[in-house]
Amino acid sequence: MIHTQTGSNRRILTFPAVNPCESIAITTLVDSLLQLAGEILSFKPKDFSTNKRSVKETLRHIQSLVIFFEELRIQIRVGSISASRSAILSLSELHVIFQKLKFLLEDCTREGAKLYMLMNSGQVSAHFRALTRSISTSLDTFPVGSVDLPGEVNELIYLVMRQTRKSEARPDREDKRAIDSVYWFFNLFENRINPNSDEILRVLDHIGVRKWRDCVNEIDFIREEISTGKKSNIEIELLSNLMGFICYCRCVILRGIDVDDEEKDKEEDDMMMIRSLNVDDLRCPISLEIMSDPVVLETGHTYDRSSITKWFASGNITCPKTGKTLVSTMLVDNFSVKQVIQSYCKQNGVVLGQKGKKKTIVAESLAAEEAGKLTAEFLAGELINGDEEEMVKALVEIRILTKTSSFFRSCLVEAGVVESLMKILRSEDQRVQETAMAGIMNLSKDITGKTRIAGEDGGGLRLIVDVLNEGARRESRQYAAAALFYLSSVGDYSRLIGEISDSIPGLVRIVKSCDYGDSAKRNALIAIRSLLINQPDNHWRVLAAGVVPVLLDLVKSEEISDGVTADSMAILAKMAEYPDGMISVLRRGGLKLAVKILGSSEVSSATKQHCVALLLNLCHNGGSDVVGSLAKNPSIMGSLYTASSNGEFGGGKKASALIKLIHEFQERKTGPVEPVIERERFIHAW
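Just so you know, these numbers come straight off a predicted model, no measurement behind them.

Side note on the overall build of the protein chain
Here comes step 1: Helices and strands together make up the secondary structure of the protein chain, namely 33 helices and five strands.
Here comes step 2: Counting only residues that meet the buried cut, the protein chain has 51% of its 686 residues in that class.
Here comes step 3: Counting every atom, the protein chain has about 31700 Å² of accessible surface; 50% of that belongs to carbon and sulfur.

Concerning helix α17 (residues 417–424)
Here comes step 1: With six of its eight residues buried, α17 lies for the most part within the structure.
Here comes step 2: Taken together, the buried positions of α17 are V417, V418, S420, L421, M422 and I424.

Focus: the nonpolar core
Here comes step 1: Counting 190 residues, the largest nonpolar core has F68, F69, L91 and I464 as its most contacted members.
Here comes step 2: When residues are assigned to domains, this core turns out to be shared by domain 1 (26–171) and domain 2 (546–672), each giving three or more.
Here comes step 3: When residues no more than four places from it in sequence are discounted, the contact partners of L91 are I26, L29, V30, L33, F69, L72 and F142.
Here comes step 4: In this structure, C284, M291, V295 and Y303 belong to the second largest nonpolar core, which totals 13 residues.

Remarks on the packing of helix α27 (residues 562–575) against helix α30 (residues 605–622)
Here comes step 1: Contact geometry of α27 with α30 gives a least axis separation of 8 Å together with a crossing angle of 20°. In this view, α27 runs roughly parallel relative to α30, as classed from their interaxial angle. Pair α27 / α30 crosses with left-handed handedness. Taking contact as the criterion, the partners of D562, T565, A566, M569, A570, L572 and A573 in α27 are, on α30, T607, H610, C611, A613, L614 and N617.
Here comes step 2: Here the residues of the contact of α27 with α30 sort into eight nonpolar, four polar and one charged.

Topic: the pattern of salt bridges
Here comes step 1: Under the counting rule described, the total for this entry stands at 30 salt bridges.
Here comes step 2: Note that D220 and R223 form a salt bridge whose closest N and O atoms lie 3.4 Å from each other. Residue D220 and its partner R223 are both found in helix α9 (residues 212–227); the two are separated by three residues, about one turn of the helix.
Here comes step 3: Accessibility expressed as a relative area gives 28% for D220, which makes it partly exposed.

As for the sheet that holds strand β2 (residues 302–304)
Here comes step 1: Strands sit in the order β2-β1-β3 across an open sheet of three strands; the sheet is antiparallel. Every other strand in the sheet has two partners, leaving β2 and β3 (332–333) as the edge strands with one partner each.
Here comes step 2: Pairing between strand β1 (residues 294–296) and β3: two bridges, direction antiparallel. From the neighbouring strand, V296 faces β3, where its bridge partner is V332.
Here comes step 3: Across the sheet, helix α12 (residues 305–313) touches β1, β2 and β3, and the angle it forms with β2 is around 90°.

Overview of a negative patch on the surface
Here comes step 1: Together, D387, E388, E389 and D429 make up a region of like negative charge exposed at the surface.
Here comes step 2: Here D387 is to be found in the loop between α14 (366–385) and α15 (388–404).
Here comes step 3: Since its relative accessible area comes to 43%, D387 is described here as partly exposed.

Considerations on helix α3 (residues 85–108)
Here comes step 1: In a regular helix each residue adds 1.5 Å, so 24 residues correspond to 34 Å; α3 covers 35 Å between its end C-alpha atoms and thus fits that length.
Here comes step 2: With 18 of 24 residues buried, α3 is to be regarded as a mostly interior element.

A look at the environment of G416
Here comes step 1: As for its position among the elements, G416 is in the loop between α16 (406–415) and α17.
Here comes step 2: Classification of G416 by relative accessible area gives partly exposed; the value is 22%.
Here comes step 3: The spatial distance from the C-alpha of G416 to the C-alpha of A380 is 6.5 Å, given a sequence separation of 36 residues.

Structural notes on the environment of L443
Here comes step 1: By the element assignment, L443 lies in helix α18 (residues 430–443).
Here comes step 2: Sequence separation between L443 and S410 is 33 residues; the distance between their C-alpha atoms is 8.2 Å.
Here comes step 3: Setting aside residues up to four positions removed in sequence, L443 forms contacts with T402, R409, L412, V413, V417, V418, L421, G449, K450 and I453.

Observations concerning the packing of aromatic side chains
Here comes step 1: Applying the stated criterion across every chain yields a total of 10 aromatic pairs.
Here comes step 2: Look at Y183 and F186: their rings are 5.7 Å apart centre to centre, the planes differ by 85°, and that puts the pair in the edge-to-face class. Highlighted residues: Y183 and F186, both in helix α7 (residues 173–190), separated by three residues, approximately one helical turn.
Here comes step 3: Given a relative accessible area of 44%, Y183 falls into the partly exposed group.
Here comes step 4: The buried category is assigned to F186, whose relative accessible area is 4%.
Here comes step 5: Among the aromatic residues, those joined into a ring-pair cluster are F68, F69, F98 and F142.

A word on the packing of helix α22 (residues 491–499) against helix α24 (residues 518–534)
Here comes step 1: For the pair α22 and α24, the least separation of the axes is 9 Å and the interaxial angle reads 115°. When you trace α22 past α24, the crossing you get is left-handed. For the pair formed by α22 and α24, the contact residues are G491, S494 and I497 on the first element and S530, L531 and N534 on the second.
Here comes step 2: Taken together, the residues that form the contact of α22 with α24 break down as two nonpolar, four polar and no charged.

Some words on unusual backbone geometry
Here comes step 1: Its identity as a non-glycine residue notwithstanding, L13 has a phi of 60°, on the positive side.
Here comes step 2: On the basis of relative accessibility, which here comes to 10%, the residue L13 falls in the buried class.
Here comes step 3: At N51, a position not held by glycine, the phi torsion is positive, near 55°.
Here comes step 4: Mapped onto the elements of the fold, N51 is located in the loop between α1 (26–41) and α2 (52–77).
Here comes step 5: Here N51 falls in the buried class, since its relative accessible area comes to 0%.

Thoughts on the side chain of K521
Here comes step 1: For K521, the position within the fold is in helix α24.
Here comes step 2: Polar contacts involving the side chain of K521 include one to the main-chain carbonyl oxygen of V511, which spans 2.7 Å.
Here comes step 3: Looking at K521, its side chain comes within polar contact range of the main-chain oxygen of S513, at 2.6 Å.
Here comes step 4: Not counting residues within four places of it along the chain, the set of residues in contact with K521 comprises I510, V511, K512, S513, Y516 and L554.

Rules of the game
- Residues numbered from 1 in each chain as written.
- Predicted model: local features only at pLDDT ≥ 70, side-chain atom pairs only at ≥ 80, totals over all residues.
- Heavy atoms only, no water.
- Helix = DSSP H or I, 4+ residues; strand = E, 2+ residues; numbered from the N terminus.
- Buried < 20%, exposed > 50% of the residue type's maximum accessible area, 1.4 Å probe, protein only.
- Areas by Shrake-Rupley, 256 points an atom, 1.4 Å probe, with all protein chains shown as cover.
- Core = buried A, V, L, I, M, F, W, Y, C linked by side-chain atoms within 4.5 Å.
- Domains from an automatic or database assignment.
- Contact = heavy atoms within 4.5 Å.
- Axes fitted to C-alpha atoms, helices over the stretch in contact; angles between N-to-C directions.
- Parallel < 35°, antiparallel > 145°, perpendicular 65-115°, else oblique.
- Left-handed = near helix turned anticlockwise from the far one by under 90°.
- Nonpolar A, V, L, I, M, F, W, Y, C, P; charged D, E, K, R; others polar.
- Salt bridge = Lys/Arg side-chain N within 4 Å of Asp/Glu carboxyl O.
- Pairing = 2+ DSSP bridges.
- Patch = residues over 30% accessible without salt bridge, like charges linked within 9 Å, V, L, I, M, F, W, Y side chains within 5 Å.
- Lys, Arg positive; Asp, Glu negative; His and termini not counted.
- Charge placed at Lys NZ, Arg CZ, Asp CG, Glu CD.
- Expected span 1.5 Å × (residues − 1).
- Phe/Tyr/Trp six-rings, centres within 6.5 Å; stacked < 30°, edge-to-face > 60°.
- Polar contact = N/O pair within 3.5 Å; in protein donor to acceptor, adjacent residues only side chain to side chain.

Rendered as structure tokens:
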């Protein structure tokens, strides 16, 4: 059987067909054509929401050709047909056409692409027309006269040729009407007018978008389409309009929410996966930008397609990372990495620009901007005036919108949802409190949102700390920890949070507790680290909360992810910048633990850089006592040289500085005068 490209991970309305080889046996070719025809005929007209007339016409032609292929296979088996070059050429062209038709039908029924395919139904009709007419061209070269086929089969072939040659596939009348309505909706949005809900429901019903989950699928597809490949300004504007329209439909028009716990668990798993990865692993080693189209070489290393293609075009036939000469320059799509990148972009509300640069998702058109504002105003009204069911739906919508789009965060803040959410945080309904806290966490990423959340007197910070310590659900407390992280990026808020007596102890409890997973622990850890960085006075509060022994015990347990280890070592390094923090780390075996982690092959380079920073701070504040203890370890220099050569973000300089300290200590020790160590500063480093 002939190997063909699958539809998985294929860009929509692209048809990467595979040409059969010239030496292919006619039996194999006919069998493969019958298999492809069967796959095409598995599509049913009722599965299509647009271009229905073109689909029916195409399936009818394929059904007729199946009769021809089956009769041809019978004649081949009895030996009455020879494999002429013209027959092979004709059937090979049909094979390519069938592959493309299958891709086109897959796109017409792709989940989440119904609105997109409606707006592109003219282009879809053109593809159907071109492929259908190509069938006639291919059959023209088939030697019908030299093949002993039944008369009715010959007549069928000529009938298909005549019909396909005159194919005039055009968008259906109902499709045109729906498209005109969508463009009218865009016009209303631009003038800040809410469209008629019955008209919107008619269009949604036409394309088969009838449930809340259908809208979610449409939004996910459009977001992925925005982030994939190069787009013209016209394409970006259309996609942005569609995003604004379908978000409006989901929030304002469709009333119910059909989401289950399994989907929520998947969302949480995606969040944890994203937080545990090192974003630098998603960057192309050549361009150092996040990859938009990752591909793998035979060496196993992944690069962005555009970068490695330019590398090869410059005359290089080696792997850039290893320097190994390549036997083949074939590029294989790295779908697993691509999915991780797409999840990262979705979780962080970013798209990849034309040169692989990250940018925030914002409204790219007036219609999308005004649709977003209308949606935000509607949700704000539902929180205040809606009944309990309407309020809960509005909370869910706010949580989703604020998660992926800074534009919607800004719209919702301006619409006044922060004040309503802060009141709802006091709700006794556990799920309501959790959803409201998730929305607050997302809105705390917005600059104006931070001010609205904190309030003039900082009362909002106190309320979030209350949820951190007394929230009814673990998830609520986890979101509160993340919100404190975002809020603490403002120096004044970092000070106010630190002054709340149970804020830092509450974060430490999450880190210490076995009831929380790595995702929750990382939320608390990055909040603690932010409080230390943005307000030095919080140092003694963190120390008093017992963070040093908690973190050392956590890292020693070896039951945590590398991300948690990296965050823990970063906090310990920050604590060691101060004498009392340094003493606390040393007394509990922090020096030995840092050396062990630095020499491990199972941790990331980021974790090792934090270990280097910790060791350097311990040496600076602990003096020659600590340097001497460190110098006695036979493996430390090799680990430091490795860290120095692989160091990033200043880590290499810190490793070099530490190497210099150890060398200077050893030189003094072997000199004529033995260094005098003051007894009052002696510390048992190991």
